[in-house]
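Summary of the model geometry
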Amino acid sequence: MTGQWPEYAEAHLGFRNYWYPAMASSSLGKRPQAVKLLGEDVVLVRDNGRAYALNDRCPHRGVPLSMGRRQFPGTISCAYHGWTYDLKDGNLVAALTDGPDSPICGKRSVRIAAYPVEERAGLIWVYIGDAPAPPIEEDVPEELLKAGTVPMVMVETRKGNWRYGMENAVDEAHAKYLHRRTPFYFFSKFPVYSTDVRMEVAEDGKWLVRTGKQVFDSQTYGELGSWPGREWWRVGGGVSTFAARLPAIFRISHKTWSDYQFFVPVDEHHHLAVMVSAKWPSRLGKAWWKLYYHAYVRPFHHIMLNRWEDDRMVSMMSIPPEKLFRPDISVTTWRKWSSETARRTPEAPATSKP
């Protein structure tokens, strides 16, 4: 992970200057919610139906604002001494225990950071960065913004650096062994290996699309014998396509629906796994899609495959050092591409080697 692409190697806390999904919209109600994004403590608050985000620290004595109270509309008050902040801009508008004429109010030194917030596709998105926030449409996959999208969301905190989670998704080879007996793909034709693996930039310049020629027949490995043997029960399975984009998004396009996986940095050793399964059904098909998701996709794909299989591997990774083999071209291409194309502030030019 070190060497050629230092920007990627140093991105322990992710790439800044992007919109990141922080939680499901349905999870934010009247009570303030604490989240950590890219190493920053954030409090999310819903007021009059709209979501707001502030730095989760009262500058008075450092108590988390997520412990606070909603004393007045459009504000949050620290639970310790009642310092009260405007949700829109983080200004201190009252210090309740110092009286209405408190001289501390309005001072720039006690203003707390406010983060841009938007809601799209059943998720609350927070912009973390040093440059002005671009339109959120720049960072939300286009499909999820289409009219008629029915997103089904699952969010959980997992062990492992965000890069390990993202690289596991990008990795071309692991599924052929790790997921070979997973119930989600049990009856699908499963390749043994692939040749000519590559990650190619899509026409829109935002996605890296993974391609390769798949070999399905059982193979002989010298004197060891053949693997995986005759798998007579594998009779179906459609063709899926796989693609990745910045800051840490992976897409699996199935025949009639798509699965999006967002790997949001929390700290150096944890990330949020944000999974969104999306379909564009007819009005009558919405109920069937929701039933299919809860009965099949969520338990078999998001829990058994993603959590029990993928996450188990990611949580135990210990790299560097590492030794790579041919299929890892998908991982190294992702590292190079993201290191060279990730957004930067003007004073931070790319330094990747050719």
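About the criteria used
- Residues numbered from 1 in each chain as written.
- Predicted model: local features only at pLDDT ≥ 70, side-chain atom pairs only at ≥ 80, totals over all residues.
- Heavy atoms only, no water.
- Axes fitted to C-alpha atoms, helices over the stretch in contact; angles between N-to-C directions.
- Helix = DSSP H or I, 4+ residues; strand = E, 2+ residues; numbered from the N terminus.
- Parallel < 35°, antiparallel > 145°, perpendicular 65-115°, else oblique.
- Left-handed = near helix turned anticlockwise from the far one by under 90°.
- Contact = heavy atoms within 4.5 Å.
- Pairing = 2+ DSSP bridges.
- 1 Å grid on protein atoms, 1.4 Å probe; cavity = no way out; pocket = protein on both sides within 12 Å on 5 of 7 lines; lining within 4 Å.
- Points joined across faces, edges and corners; volume = space filled by probe spheres on them.
- Nonpolar A, V, L, I, M, F, W, Y, C, P; charged D, E, K, R; others polar.
- Buried < 20%, exposed > 50% of the residue type's maximum accessible area, 1.4 Å probe, protein only.

1. Describing the packing of helix 2 (residues 162–170) against helix 5 (residues 329–341)
Their axes nearest at 9 Å, the elements helix 2 and helix 5 cross at an angle of 130 degrees. Viewed along their axes, helix 2 and helix 5 adopt a mutual orientation that is oblique. Considering only the axes of helix 2 and helix 5, their crossing is right-handed. Counted together, Met-166, Glu-167 and Val-170 of helix 2 and Ser-330, Val-331, Trp-334 and Arg-335 of helix 5 form the full contact between these two elements.

2. Let's talk about the sheet that holds strand 3 (residues 40–47)
Strands sit in the order 2-3-4-8 across an open sheet of 4 strands; the sheet is antiparallel. Each of the sheet's edge strands pairs with one partner strand only, and the pair in question is strand 2 (33–37) and strand 8 (114–115). In terms of strand pairing, strand 3 meets strand 4 (residues 50–55) through 6 bridges, oriented antiparallel. The residue of strand 4 that forms the bridge with Asp-47 is Arg-50.

3. Considering empty space enclosed by the protein
Empty space among the atoms becomes apparent when a probe as large as a water molecule is rolled across them. All told, the structure shown has 2 cavities of 30 Å³ or more when counted by the stated rule. By volume, the largest cavity is sized at about 100 Å³. Of all the secondary structure elements, the ones that give two or more residues to the lining of the largest cavity are helix 2, strand 18 (258–267), strand 19 (270–279) and helix 4 (285–316). Of the residues assigned to the lining of the largest cavity, the class counts are 4 nonpolar, 5 polar and 3 charged. Approximately 40 Å³ is the volume found for the second largest cavity. Around the second largest cavity sit Trp-19, Tyr-20, Pro-21, Trp-125, Pro-247, Ala-248, Ile-249, Phe-262, Phe-263 and Val-264, which together line it. Listing elements by their share of the lining of the second largest cavity, those giving two or more residues are strand 1 (18–24) and strand 18. Here the residues of the lining of the second largest cavity sort into 10 nonpolar, no polar and no charged.

4. Some words on the pairing of strand 17 (residues 249–253)
Most of strand 17 sits inside the fold, with 5 of its 5 residues counted as buried. Along strand 17, one buried face is formed by Ile-249, Arg-251 and Ser-253 and the opposite face, lined by Phe-250 and Ile-252, is buried too. As defined by bridge partners, strand 16 (residues 241–245) adjoins strand 17 across 5 bridges and the pair is classed as antiparallel. Paired with Ala-243 across the bridge in strand 17 is Arg-251. Here strand 16 hands over to strand 17 after 3 residues, the two strands then running antiparallel side by side. Two elements, strand 17 and strand 18, share 5 bridges in a ladder whose sense is antiparallel. Bridge pairing in strand 18 places Arg-251 opposite Tyr-260. Where strand 17 folds back on strand 18, the antiparallel hairpin that results is connected by 4 residues.

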